[in-house]
Amino acid sequence: KSLDGAVLFIFGATGDLAKRKLFPAIYSLYKEGKLSENFAVIGLARRPKTKEQFRDNLHASINEFSRYDQKDTERWNQFVEHFEYMSLDTQNPEGFKDLNVLTQSLEEKFSLNGNRLFYLALAPELFGGVAQNLRVGGLLESGGWHRLVIEKPFGYDLKSAEELNKQIRGVFEEEEIYRIDHYLGKEMVQNIEVIRFANAFFEPLWNNKHIANVQVTLSETVGVEERGGYYDHSGALRDMVQNHALQIVSMIAMEAPSRLEAEDIRDEKVKVLRSIRPFADDQDLRNHVIRGQYKAGSHGGKDMPAYRDEPNVNPESVTETFFAAKLHVDNFRWAGVPFYVRTGKRMPAKSTEVVVEFKNVPDHVYLAKNNNLRPNLLVIRVNPEEGIYIKINAKKPDSERSIVPVAMDFCQSCQVGINTPEAYERLLFDALCGESTYFTRWDEVATAWSIIDQIANSWSKDASDLKFYPAGTWGPEESHELLARDGFHWWPVN
Ligand code: BG6
């Protein structure tokens, strides 16, 4: 990958994402020499702020959230020289003309050739207007490339996503649009492809003859924090399943791409999404999709409020903070293999992991000796620990023929010296280099929405299936029953 200089426009520069993720990511890229001195960043938000104030905020954000400390004042002063701030009303085209003037002056100052990356860390209602105004303001007329990076949520349902896409596509080509799903920037999510396709251990077994089920868990200990206003309209289904969970399922289930190129990989992923079986009717859906909401509880000895008592949440809200489902990928490879997916807030542990449970070998010989074989497991740990864990059966040492499960645990993140880049760091750099593999293409987004829409529509008719679970637990009992009915159980997370 190579980068030949660009201006980065951060819309929403006073927001949380910029503070926690984007600025620290830019700083890491700079520290690692990936940006060299060939870049400028323009922070944009409505709030008036001087350049100095903005640079002070930048300092504070990097101090708090960067994985690198910055004690070297000279280097810092050099870095911060690349940053400007402009107060901008995104509805007002005149402001964009001023922005173009500022941009040109920075391009001259840093000898840049007109490459421009527009990062919209904004509410999606503003995406279309910003895209239009970028054109009106002349910002798309420079000599280099123009790319638009947009944050989720990309729409509220298929219809609104289509509308949003139409507005953006009126200005940018699909190849110029980088839709962020930050889970795709995570080291171990990217590793799924390598684990699957580069290992003779796994590749031949990766199908319904050998795999009993797949479990995807995205659990969080946090509640909705200060995001109640957003979350109450979104819920776990739109916040985590439409994007992150379905992306992981598609990486686990996809066929080998013909080449390791963005379009080939994304072609295979979208085929998986298209193969996810729709539910036959509302009853079928309710049998296989569980929703829950946390009530008051405790975690680590601390009392936690109920979701309905969180700030900016409707006290009678029926929004789900927990989701679990059994999905089927209806193709030759996966016929009959359940994919269980769960995500929730206020769970006992923060964990993102995939468990692949293999079918047992014929076990009559061992059963005859009173041995119950445990299934082989492959666990791909994404977060907080990064690594691979494999469970196999072995003879219990010093026993006649007792069998015990033993584990091989490769903890990548525990290895000294490994300091994996944050998802945003990779994704920002990829977008700057024009590498779009780990961004979601429109057809992926649209297909994911059509899966989600069926669930959301059914739920909106009647919320009597919403179950309440105490904060600090693994969600409603029904989530466990979902697997128990098939003779399985959720494997405990790390
Ligand atoms: C975001 C969701 O996309 O992902 C949040 O909007 C969630 O609700 C977050 O907390 C989880 O991300 P991570 O990287 O901490 O697992």
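What counts, and at which threshold
- Residues numbered from 1 in each chain as written.
- Predicted model: local features only at pLDDT ≥ 70, side-chain atom pairs only at ≥ 80, totals over all residues.
- Heavy atoms only, no water.
- Axes fitted to C-alpha atoms, helices over the stretch in contact; angles between N-to-C directions.
- Helix = DSSP H or I, 4+ residues; strand = E, 2+ residues; numbered from the N terminus.
- Parallel < 35°, antiparallel > 145°, perpendicular 65-115°, else oblique.
- Left-handed = near helix turned anticlockwise from the far one by under 90°.
- Contact = heavy atoms within 4.5 Å.
- Nonpolar A, V, L, I, M, F, W, Y, C, P; charged D, E, K, R; others polar.
- Patch = residues over 30% accessible without salt bridge, like charges linked within 9 Å, V, L, I, M, F, W, Y side chains within 5 Å.
- Areas by Shrake-Rupley, 256 points an atom, 1.4 Å probe, with all protein chains shown as cover.
- Salt bridge = Lys/Arg side-chain N within 4 Å of Asp/Glu carboxyl O.
- Buried < 20%, exposed > 50% of the residue type's maximum accessible area, 1.4 Å probe, protein only.
- Bend = angle between axes of the 7 residues up to and from the residue.
- UniProt positions renumbered as here; feature names shortened; annotations may be inferred.
- Near = heavy atom within 4 Å.
- Polar contact = N/O pair within 3.5 Å; in protein donor to acceptor, adjacent residues only side chain to side chain.
- Pairing = 2+ DSSP bridges.
- Arc of directions from axis to C-beta.
- Phe/Tyr/Trp six-rings, centres within 6.5 Å; stacked < 30°, edge-to-face > 60°.

*Asks:* Tell me about the packing of helix α9 (residues 262-275) against helix α13 (residues 442-461), residues and numbers included.
*Replies:* Two numbers describe how α9 lies on α13: the axes approach to 9 Å, and their chain directions differ by 15°. One way to sum up the angle between α9 and α13 is to call them roughly parallel. For the pair α9 and α13, the sense of crossing is left-handed. Contacts from R266, K269, V270, L273 and R274 of α9 reach α13 at D443, E444, T447, A448 and I451. Within the contact of α9 with α13, the residues separate by chemical class into four nonpolar, one polar and five charged.

*Asks:* Let's hear about a nonpolar patch on the surface: which residues, and what values?
*Replies:* A contiguous nonpolar patch, built from I392, V406 and M408 and spanning about 220 Å² of accessible area, is present on the exposed surface. By secondary structure assignment, the location of M408 is in strand β16 (residues 403-411). Residue class for M408 comes out partly exposed when judged on its relative accessible area of 47%.

*Asks:* Explain helix α8 (residues 228-253) residue by residue, including any values.
*Replies:* In α8, a bend of some 100° at G235 exceeds every other bend along the element. Buried residues dominate α8, accounting for 23 of its 26 residues.

*Asks:* Break down the UniProt feature "active site" (unreviewed entry) in the protein chain for me, citing the residues and quoting the values.
*Replies:* Mapped onto the present numbering, the UniProt feature "active site" (unreviewed entry) falls on H244. For H244, the location among the structural elements is in helix α8. For H244, a relative accessible area of 2% gives the class buried.

*Asks:* Report on the site of the ligand, specifying residues and quantitative values.
*Replies:* The immediate surroundings of the ligand are formed by K152, H182, Y183, K186, E220, R227, D239, M240, H244, K345 and K350. Between the ligand and the protein, one listed contact pairs an oxygen atom with a side-chain N or O atom of K186 at 2.6 Å. With respect to the ligand, the side chain of K350 contributes an N or O atom lying 2.6 Å from an oxygen atom. Look at the ligand: alone it shows 400 Å² of surface, and the protein chains cover 80% of it.

*Asks:* With reference to specific residues and values, describe the UniProt feature "domain: Glucose-6-phosphate dehydrogenase NAD-binding" (unreviewed entry) in the protein chain.
*Replies:* As annotated in UniProt, the feature "domain: Glucose-6-phosphate dehydrogenase NAD-binding" (unreviewed entry) corresponds to residues 10-191 in the numbering used here. Helix makes up 46% of residues 10-191 and strand 15%, and the two end C-alpha atoms of the span are 29 Å apart.

*Asks:* Kindly report on the pairing of strand β11 (residues 322-328), identifying the contributing residues and their values.
*Replies:* When you tally the buried positions in β11, you get seven out of seven residues, the bulk of the element. A two-sided burial pattern is seen for β11, the buried positions comprising F322, A324, K326 and H328 on one face and F323, A325 and L327 on the other. With four bridges joining them, strand β8 (residues 289-295) and β11 adopt antiparallel strand pairing. The residue of β11 that forms the bridge with G292 is F322. Pairing of β11 with strand β12 (residues 338-344) involves seven bridges; the strand directions are antiparallel. The partner of L327 across the bridge, within β12, is F339.

*Asks:* Give me the lowdown on helix α14 (residues 477-484), citing residues and values where you can.
*Replies:* Every α-helix winds through 3.6 residues per turn, so residues three or four apart in the chain are directed the same way. For α14, every residue scored as buried is listed here: S479, L482 and L483. Relative to the axis of α14, the buried residues are bounded by an arc of 85° and lie together on one face. Tucked inside the fold, the buried residues of α14 contact β7 (211-219), α10 (282-288), β8, β11 and β12.

*Asks:* So what about the packing of aromatic side chains? Which residues, and what values?
*Replies:* Applying the stated criterion to the full structure yields 26 aromatic pairs. Plain terms: the ring middles of F54 and F83 are 6.5 Å apart, the flat faces sit at 50° to each other, and that makes the pair tilted. Of the two residues, F54 is situated in helix α2 (residues 51-65) and F83 in strand β3 (residues 83-87); the sequence distance between them amounts to 29 residues. By relative accessible area, which is 0% here, F83 ends up buried. Look at F322 and Y469: their rings are 5.8 Å apart centre to centre, the planes differ by 65°, and that puts the pair in the edge-to-face class. One end of the pair, F322, is in strand β11; the other, Y469, is in strand β17 (residues 467-470), with 147 residues separating them in the sequence.

*Asks:* Got a sec to walk through unusual backbone geometry? Specific residues and values, please.
*Replies:* Here the residue pair K152 and P153 is connected by a cis peptide bond, since its omega of 5° sits within 30 degrees of zero. Structurally, the position occupied by P153 is in the loop between β5 (146-150) and α6 (158-169). The omega torsion of the bond from N383 to P384 falls at 0°, within 30 degrees of zero and hence cis. For P384, the position within the fold is in the loop between β14 (377-383) and β15 (387-395). Its identity as a non-glycine residue notwithstanding, S111 has a phi of 50°, on the positive side. Looking at S111, the relative accessible area reads 61%, which means it is exposed. Its identity as a non-glycine residue notwithstanding, N312 has a phi of 65°, on the positive side. Relative to the assigned elements, N312 resides in the loop between β10 (302-304) and β11. For N312, a relative accessible area of 59% corresponds to the exposed category.

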